[in-house]
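Breakdown of the fold
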Amino acid sequence: MSGGMDQALGSPWGDETAVVDALLEWARRRVVRSSDPKTTARPASELRDAAGKTVTPSGIGAREAMRVFEEVLLPATRSMDDPLNLAYIAAAPSRTSMAFDCVVGAANVFGGLWETGAGAIHAENEAIGWLVELLGWPSTAGGTFVSGGTVGNLSALATARENARHRLGGRPEGGWRLACTAEAHSSIKSAVRLLDADVVEVPDERGRLTGDALRTVLAAERDAGRTVFAVVATAGTTNGGLIDDLDGIAAVCREFGAWMHVDGAYGGAGLAAPSVRDRYRGIEHADSFIVDPHKWLFSTYDCCALIYREPRLARAAHTQHAGYLDEIDREQWNPADLAVQLTRRTRGLPFWFGLATHGTAKYTEAVETTLATARRVADHIRESGHLRLLQEPTLSVLLFERIGWTEEQYSAWSRRNAVEGVILCVPTKFEGRSVLRLAFVNPMTRADKVIPILDTLV
Ligand SMILES: *Cc1c(COP(=O)(O)O)cnc(C)c1O
């Protein structure tokens, strides 16, 4: 290690070399070690007592702050990358992307503008380019990385609305209306509220939005003199992993001049897997798309790729203007022009570095591995007398029930296994009743570890 820092002289922080060395060494050990599945949230009052007062006029020192982090704070967070964390949608970043995330932090690039972040943005765009190829979109498509699917969906729908405002010459009679099913993610309803729009709910067919149902609803809207500016289709619903009838939806969107947004926050990763690729047919016609590499594309939090077929339409919605921003070259690729953000971390870089290092074929393989694991576990459930598979898996989410069990029994079983660090598998609702759900995104999850645990549901 070098002795002393370049900047120690005159720095208000003094010589921070020893602290930097200690923290980087900690990060190195953390990246290669598995996280502990028994870690869990604690009440704030307990944390306050255990951590003591950490922010004080004179500071508690790096050693003590790090002790509190390691012994008190980190154990009160959930292990998201444990191979048996199969609740909600977990995470499975590669060690490469975790380590590169530390590098990105160290590089401290301002990623909002080309002028300040060109090299990093170029690399992010390479990663987006791979997704554009998977979508089957023209190479003129593009986008940026935002914090998560929630901001991605909001940014895409704000662009859709701005585009409609421009086309219609203002707000349409009856206001801004957006069509989706009840299965659309909660972030869609949040975006609709923020955009002062209304949801036109389309009845789903066994959880899926279909072109036929959409046509009926859009025709009724038109007959009533109202305009639906956007349709949200889901490629991989969070609860059941279902993919909407994208081809049918695309045809109806064309017919009615509505913007087609595809929310693939979780399921978009399946585009890389030949075994399921045909289920996405029609996605090549969509106008905007999101996928979270922090979910099923092996990157770190937080990372959502937001992609537009015609990025210039996003600029109309998102470019910020101010005296001090007017010097910015708007011909360049400025991520700030494409989403609800100005200052941004180049959070797509850990994803890019993983892709650059391992190659896209490895990503295909890793997604296929998780799909195969989900199918093996599904086979076991189908063959178990005491369990019932509730739908054939489209992607890597399984919904199933223990025949005869009540909500209380599911909760007790789920909680016991969570506390003991055995498996994280939490109940959900399916057709109004309590059932169990497993979501596979981690290529390290092994079916032969999951199956014996399911056998304890007797
Ligand atoms: C997770 C998810 C979101 C929200 O993404 P965040 O990254 O949590 O903001 C949106 N849509 C779907 C389908 C999701 O699974």
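Keep in mind that this is a model prediction, so the values were computed, not measured. Throughout, residues of each chain are indexed from 1 in the direction in which the sequence is written. In keeping with the model being predicted, local features are shown solely for residues with a pLDDT of at least 70 and side-chain atom pairs are shown and tallied solely at 80 or more, while totals for entire chains, interfaces and linings include all residues. As a convention, hydrogens and water are excluded, and side-chain values are obtained from all of the structure's heavy atoms.

Moving on: the overall build of the protein chain. Numbering of helices and strands runs from the N terminus, with a helix taken as a DSSP run of H or I at least four residues long and a strand as a DSSP run of E at least two residues long. Helix and strand content of the protein chain: 15 helices and 11 strands. Over its C-alpha trace the protein chain gives a radius of gyration of 24 Å, about what one expects of a compact globule, namely 23 Å for 458 residues. Principal-axis analysis of the C-alpha atoms places the extent of the protein chain at approximately 75 × 70 × 45 Å. Accessibility here uses a 1.4 Å probe with only protein chains present; expressed as a share of the type maximum, an area under 20% marks a residue as buried, one over 50% as exposed, and anything in between as partly exposed. Considering the protein chain as a whole, with its 458 residues, one finds that 52% of them fall into the buried category. Whether two residues are in contact is decided by their heavy atoms: any pair within 4.5 Å suffices. At a minimum sequence separation of 6, the contacts of the protein chain that also span at least 24 residues come to 69%. On the protein chain, roughly 21,300 Å² of surface is accessible, and the fraction owed to carbon and sulfur atoms is 53%. Between the centroid of the 49 positive side chains of the protein chain and the centroid of its 57 negative side chains there is a distance of 4 Å. Radius of gyration here is computed from C-alpha atoms only, and the compact-globule reference equals 2.2 Å multiplied by the residue count raised to the power 0.38. Only the protein chains shown count as covering a residue, and every accessible area follows the Shrake-Rupley method with a 1.4 Å probe. His is not counted, nor are the chain ends; Lys and Arg add positive charge and Asp and Glu add negative charge. Note on charges: their place is set at NZ of Lys, CZ of Arg, CG of Asp or CD of Glu.

Right, let's talk about the site of the ligand for a bit. In this text, near means that some heavy atom of the residue lies within 4 Å of the molecule or strand in question. Around the ligand, a shell composed of 14 residues is seen, among which G149, T150, D263, D292 and K295 lie nearest. We define a polar contact as two N or O atoms separated by no more than 3.5 Å, with the added condition that, inside protein, one atom must be a possible hydrogen donor and the other a possible acceptor, whereas residues neighbouring each other in sequence contribute only through side-chain atom pairs. Within the contact set of the ligand, an oxygen atom lies 2.6 Å away from a side-chain nitrogen or oxygen of D292. In this structure, an oxygen atom belonging to the ligand sits 3.0 Å away from a side-chain N or O atom of K295. Burial of the ligand by the protein chains amounts to 85% of its free accessible area of 380 Å². Within the residue set of the shell around the ligand, elements represented by two or more residues are α6 (149-168) and α10 (293-296). Per-element tally for the shell around the ligand: the top contributor is α6, with three residues.

You can read the domains of the protein chain as domain 1 (1-33), domain 2 (41-75), domain 3 (102-357) and domain 4 (361-454). As annotated, the domain borders come from an automatic or database domain assignment. Taking only C-alpha atoms into account, the centre of domain 2 sits 39 Å from that of domain 3.

The subject of this paragraph is the pairing of strand β4 (residues 228-234). Counting buried residues along β4, seven of its seven residues qualify, which places the element largely inside the surrounding structure. Two strands pair when backbone bridges link them, and strand β2 (residues 176-180) and β4 are joined in this way by three bridges, in the parallel orientation. Counted as the bridge partner of A179 is V231 from β4. Sheet topology note: the β4/strand β5 (residues 259-263) ladder contains five bridges and is parallel. Of the residues in β5, the one forming a bridge with V231 is M260. Taking the sense of rotation as the criterion, the β-α-β connection linking β4, helix α9 (residues 246-256) and β5 turns out right-handed. DSSP bridges decide pairing: two strands pair if at least two such bridges lie between them. Handedness of a crossover is defined as follows: orient the strands so they point away from the viewer, and if the path from the first strand over the helix to the second runs clockwise, the crossover is right-handed.

Here the focus is the packing of helix α8 (residues 211-223) against α9. Two packed helices can be described by the angle between their axes and the distance between those axes. It is at 8 Å that the axes of α8 and α9 come closest, and there the two elements cross at 20°. One finds that α8 runs roughly parallel with respect to α9. Considering the relative orientation of α8 and α9, their crossing is right-handed. Here G211, L214, R215, L218, A219 and R222 of α8 lie close against α9, whose contacting residues are G248, I249, V252, E255 and F256. Residues are grouped as follows: nonpolar covers Ala, Val, Leu, Ile, Met, Phe, Trp, Tyr, Cys and Pro; charged covers Asp, Glu, Lys and Arg; every other residue, Gly included, is treated as polar. Here the contact of α8 with α9 is composed, by residue class, of six nonpolar, two polar and three charged. Only the stretch in contact is used when a helix axis is fitted, and all axes are lines through C-alpha atoms; the angle between N-to-C directions ranges over 0 to 180 degrees. Each angle receives one of four descriptions, namely roughly parallel if under 35 degrees, roughly antiparallel if over 145, roughly perpendicular if within 65 to 115, and oblique otherwise. Handedness of a helix crossing follows the sense of rotation of the near helix relative to the far helix, less than a right angle counterclockwise being left-handed and clockwise being right-handed.

A few words now on the side chain of D101. Mapping D101 onto the fold places it in helix α4 (residues 95-107). Given a relative accessible area of 15%, D101 falls into the buried group. Once you skip the residues sitting within four places of it in the chain, D101 turns out to touch T300, Y301, R345 and P350.

In this model α8 runs 18 Å from its N-terminal to its C-terminal C-alpha over 13 residues, within 8% of the 18 Å that 1.5 Å per residue would give. If you follow the buried residues of α8, they end up packed against β2, β3 (197-201), β4 and α9. Downstream of α8 by one or two residues, G225 has phi in the positive range, about 80°. To estimate the expected span of a helix, count its residues, drop one, and scale the result by 1.5 Å.

Right, let's talk about the packing of aromatic side chains for a bit. Within a pair of aromatic rings, the relevant descriptors are the distance that separates the centres and the angle that separates the planes. Side-chain rings of Phe, Tyr and Trp (the six-membered ring for Trp) are treated as a pair once their centres are within 6.5 Å; stacked means planes under 30 degrees apart, edge-to-face means over 60, and tilted covers the remaining angles. Going through the model one piece at a time under the given rule, you end up with 12 aromatic pairs. Between Y266 and W296, the ring centres sit 5.2 Å apart and the planes meet at 15°, which makes this aromatic pair stacked. Highlighted residues: Y266 in the loop between β5 and β6 (288-291) and W296 in helix α10, separated in sequence by 30 residues. Taking relative accessible area as the criterion, Y266 reaches 2% and is therefore assigned buried. Residue W296 is classed as buried on the basis of its relative accessible area of 0%. Between the aromatic rings of F351 and Y363, the centroid separation amounts to 6.4 Å while the plane-to-plane angle is 75°, which identifies the pairing as edge-to-face. Here F351, found in helix α12 (residues 349-358), pairs with Y363, found in helix α13 (residues 360-383); they are 12 residues apart in sequence, far enough to count as distant. Take F351 and Y363: they sit in the same class, and that class is buried. Put simply, the rings of W130, F145, F298, F351 and Y363 touch in pairs and so form one group of aromatic residues. Of note, R309 hangs over the ring of W137, and the distance from its end group to the ring centre comes to 5.2 Å. Any Lys NZ or Arg CZ that is within 6 Å of a ring centre and within 35 degrees of that ring's normal is treated as a charge sitting over the ring.

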